[in-house]
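Below are the chains, spelled out letter by letter.
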Amino acid sequence: MLKLAALILLVTIGISFYLKNQPAPTVPKLPEQNWGPKTAVKDNEGIRPFKINVSKSVIDELNQRLDRTRELQPPLEGAGWTYGISTTFLNSVLKHWRTKYDWSKRQELLNKYPQFKTKIQGLDIHFYHVKPTLPKDRNVRVLPLLLVHGWPGSVVEFQKIFPLLTTPRPDQDYVFEVIAPSLPGYGFSDAAVRPGLGPAQMAVIFKNLMLRLGYDKFYTQGGDWGSVITATLSQQFPNKVSGAHFNMCFSNTASATIWSIIGAYLPSLVATKEEIPRIYPLSHHWLRLVEETGYMHIQATKPDTVGTAVTDSPAGLAAYILEKFSTWTNPEYRFRDDGGLFEKFTIDELLDNLMVYWVTNSITTSFRLYAETFNKSYKALGFDELPVPVSTGCAIFPHELAFQPESIIRSKYPNTIQYSVLPRGGHFAAFEEPQLLADDVWSFVNLREKQLKVEKTKESQ
Ligand SMILES: *[C@@H]1O[C@H](CO)[C@@H](O)[C@H](O)[C@H]1NC(C)=O
Ligand SMILES: CC(=O)N[C@H]1CO[C@H](CO)[C@@H](O)[C@@H]1O
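Scoring rules and cut-offs
Residues numbered from 1 in each chain as written. Chains lettered and ligands numbered in written order. Predicted model: local features only at pLDDT ≥ 70, side-chain atom pairs only at ≥ 80, totals over all residues. Heavy atoms only, no water. Near = heavy atom within 4 Å. Polar contact = N/O pair within 3.5 Å; in protein donor to acceptor, adjacent residues only side chain to side chain. Areas by Shrake-Rupley, 256 points an atom, 1.4 Å probe, with all protein chains shown as cover. Nonpolar A, V, L, I, M, F, W, Y, C, P; charged D, E, K, R; others polar. Helix = DSSP H or I, 4+ residues; strand = E, 2+ residues; numbered from the N terminus. Buried < 20%, exposed > 50% of the residue type's maximum accessible area, 1.4 Å probe, protein only. Pairing = 2+ DSSP bridges. Axes fitted to C-alpha atoms, helices over the stretch in contact; angles between N-to-C directions. Disulfide = S-S within 2.5 Å. Parallel < 35°, antiparallel > 145°, perpendicular 65-115°, else oblique. Contact = heavy atoms within 4.5 Å. Expected span 1.5 Å × (residues − 1). Arc of directions from axis to C-beta.

## Some words on the site of ligand 2
All residues adjacent to ligand 2 are P195, G196, E372, N375, K376 and S377. In the model, an oxygen atom of ligand 2 is placed 2.2 Å from a nitrogen or oxygen of the N375 side chain. Computed on the free molecule, ligand 2 has an accessible area of 360 Å², of which 45% lies beneath the protein chains in the complex. A class-by-class count of the residues in the shell around ligand 2 yields one nonpolar, three polar and two charged.

## Details of the side chain of T166
Relative to the helices and strands, T166 resides in helix α5 (residues 162-166). Note on T166: relative accessible area 7%, which makes it buried. In this structure the side chain of T166 is engaged in a polar contact, spanning 2.8 Å, whose partner is the backbone oxygen of F162.

## Observations concerning the sheet that holds strand β1 (residues 47-50)
The strand order β1-β2-β3-β5-β4-β6-β7-β8-β9 describes an open sheet built from nine strands, whose pairing is mixed. Lying at the two open borders of the sheet, with one neighbouring strand each, are β1 and β9 (416-421). With strand direction ignored, the average angle separating the axes of adjacent strands in the sheet is 25°. Alignment of strand β4 (residues 141-148) against strand β5 (residues 174-181), held across six bridges, turns out to be parallel. When the bridges of β5 are listed, P144 appears paired with E177.

## Comments concerning the state of the cysteines
Tallying each qualifying case throughout the model produces one disulfide. In this model C249 forms its disulfide with C394; the gap between the sulfur atoms is 2.0 Å. Between C249 and C394, the disulfide has an S-S torsion of -90° and is therefore left-handed. Of this pair, C249 sits in the loop between β7 (241-246) and α8 (254-265) while C394 sits in strand β8 (residues 392-396), placing them 145 residues apart in sequence. With respect to burial, C249 and C394 carry one shared label: buried.

## Looking at the packing of helix α3 (residues 87-99) against helix α16 (residues 347-360)
Interaxial distance between α3 and α16 falls to 11 Å at its minimum, and their mutual angle equals 80°. Our classification of the angle between α3 and α16 gives roughly perpendicular. Two secondary-structure elements touch here, α3 through V93, H96 and W97 and α16 through I347, D348, L351, L354 and M355. Here the residues of the contact of α3 with α16 are counted per class, giving six nonpolar, one polar and one charged.

## Focus on helix α2 (residues 56-67)
For α2, built from 12 residues, the straight-helix expectation of 16 Å at 1.5 Å per residue is met to within 8% by its first-to-last C-alpha distance of 16 Å. Within α2, burial applies to I59, L62, N63 and L66. Within α2, the buried residues cover an arc of 100° as seen down the axis, which keeps them to one side. Elements that come into contact with the buried residues of α2 comprise α3, α4 (103-110), α14 (314-327) and α16.

## Digging into the side chain of Q201
Inspection of the secondary structure puts Q201 in helix α6 (residues 199-212). When sequence neighbours within four positions are dropped, the list of residues in contact with Q201 reads L30, W35, G196, Y378 and L381.

The following block contains the structure:
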């Protein structure tokens, strides 16, 4: 036993020495590529106000499909959602969707905050732009914040957090102005017509969006793909980012994998006492990940095949997406007949998110982001191996499916100035726990603004 431990220690020291001495990879410079159908046409740079306005024929056609849903196979006895969504539960959702869900009302709610479209690199990009109402009796600075969603979410997730970020707080001398785009190929943003639009390329588009709006420097916040995209934005344009807040910090580096494996033998080298049960035994946690990430494999390899099925059937789309809102909110919910879905969400807000995919026919194009990211040539760009260089806030929600110890996260985000483990919540933080997430963003920006003040005084001395 002692010999084994000594051997592992030696190997560990060797590996860390080797990794430390690897030359830091350089950040690739991506071209400002045109992703739209008409190459070589100069973008009209206008910013046009936009309102969601789905024609009656689209809703009628959806209702016809809902009326004609085939009889679904009942779930196995006592299976909960462990074989996928419970069709008994799904039937009740479909009934609500068909008979009670009032799109014209929901659409009005989604139109509450101002939206725009603007053409960037050949694609019309849709975004919310929510400005604060400033108090008259004191000076409050306005800080732009780029807020980026992921899959299978959408800008619907942000409706509750907008006011929490754009309402001035009495104890703060700043407030946010929030820019929340729909990812290209998601909802009301155009999809690329040719391969290659991965997260780092989306970061270029969003950097250009912020520049077009007049922001040369801004904060970012992201979860899921939003965290991947904003991380590569910081890697490519560190001077544009005042600070980056994530509710999904993770490291895909080779050394992260090696350290996780080393930790399987010597856990206390890698993880704290509280963290150890969240990642070890490694085989248990990795098998859990395999169990929950089949969707990722298929979307990364054959997005258009599975896309056809869920494009053509609202029942299929609902099953595919709602299952994620159950398990990713709390993995334990999969043992319940109702998937715990209404613990944190209302049925109407879940349907709003489905509708954004349905009425825009964008589920297939949303899948393709996985294929672009897992492509060899995207991997070869090396973003995974690069650190995120800007001041970072990591919000760790306890029910997030994947978990990595703080020591591993910090090596990927070396300038983490705030690392918070939150008392509750899962993957869809803004949607599920808007107040917790907003508070975490405010306190991170507080720290960062103090840092910036100190840096400024130092410079002027
Ligand atoms: C939607 O479009 C129709 C037809 O152009 C128009 O009559 C209606 O006022 C619009 N509704 C909204 C909410 O903009
Ligand atoms: C879109 C894209 O970059 N596709 C690439 C995926 O990877 C293969 C193998 O490296 C390339 O040949 C494709 O061009």
